[in-house]
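Residues per chain are reported as follows:
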Amino acid sequence: MGSLQESEELRAITARWFDAYSRGDFEAWSARFSTMAGVTAWGMGPGEFFDDADLLRRFTELDLRTAELYPLAGYSPPRP
């Protein structure tokens, strides 16, 4: 069985994604959304299930722009 290897590239991508969310920067945050057919996501509320990339993007933009921003799970983006 293989082992999971750390990836500095994936760590950096994830850090930028969390940082964009924490700043409310939807354009930077959503740039990492998949637009491929078959994309599926679910939210935390009843009926929050998406199998359409455009609908997911529009819902997420509305959600992010109208929500009170908060740090995700105590995440603090790295500072240079």
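Now for a quick tour of the structure. For clarity, every value in this text was computed on a predicted model and none was experimentally measured.

All right, on to the overall build of the chain then. When helices and strands are counted, the chain shows three helices and two strands. In the chain, the succession of helices and strands from N to C terminus is α-α-β-β-α. Taking all 80 residues of the chain together, the buried fraction comes to 21%. Considering only contacts in the chain between residues 6 or more positions apart, those separated by 24 or more positions represent 54%. Only carbon and sulfur atoms are counted for the fraction: they give 58% of the accessible area of the chain, which is about 6400 Å².

Here we come to the side chain of S30. Along the chain, the position of S30 falls in helix α2 (residues 26-30). A polar atom in the side chain of S30 sits 2.7 Å from the side chain of R57.

On to the nonpolar core, then. Judged by nonpolar contacts, A20, Y21, F26, W29 and L64 together constitute the single largest core of five residues. Among the secondary structure elements, those contributing two or more residues to this core are α1 (8-23) and α2.

Taken as a whole and judged by the stated rule, the model has six aromatic pairs. Ring geometry for F26 versus F33: centroids 6.5 Å apart, planes at 85 degrees, classification edge-to-face. The exposure class assigned to F26 is buried, which follows from its relative accessible area of 0%. A relative accessible area of 22% places F33 in the partly exposed class. Put simply, the rings of W17, F18, F26, W29 and F33 touch in pairs and so form one group of aromatic residues.

On to the environment of W17, then. In this structure, W17 sits in helix α1. Judged by its relative accessible area of 26%, W17 falls in the partly exposed class. Taking the C-alpha atoms as reference points, W17 and A28, eleven residues apart in sequence, are found 7.4 Å from one another. Within the structure, W17 has its side chain in polar contact with the backbone oxygen of W29 (distance 3.4 Å).

Within the secondary structure, L56 is located in helix α3 (residues 53-66). As for L56 and T35, which are separated by 21 residues in sequence, their C-alpha atoms are 9.6 Å apart. Once you skip the residues sitting within four places of it in the chain, L56 turns out to touch F33, A41 and F50.

Rules of the game
Residues numbered from 1 in each chain as written. Predicted model: local features only at pLDDT ≥ 70, side-chain atom pairs only at ≥ 80, totals over all residues. Heavy atoms only, no water. Helix = DSSP H or I, 4+ residues; strand = E, 2+ residues; numbered from the N terminus. Buried < 20%, exposed > 50% of the residue type's maximum accessible area, 1.4 Å probe, protein only. Contact = heavy atoms within 4.5 Å. Areas by Shrake-Rupley, 256 points an atom, 1.4 Å probe, with all protein chains shown as cover. Polar contact = N/O pair within 3.5 Å; in protein donor to acceptor, adjacent residues only side chain to side chain. Core = buried A, V, L, I, M, F, W, Y, C linked by side-chain atoms within 4.5 Å. Phe/Tyr/Trp six-rings, centres within 6.5 Å; stacked < 30°, edge-to-face > 60°.

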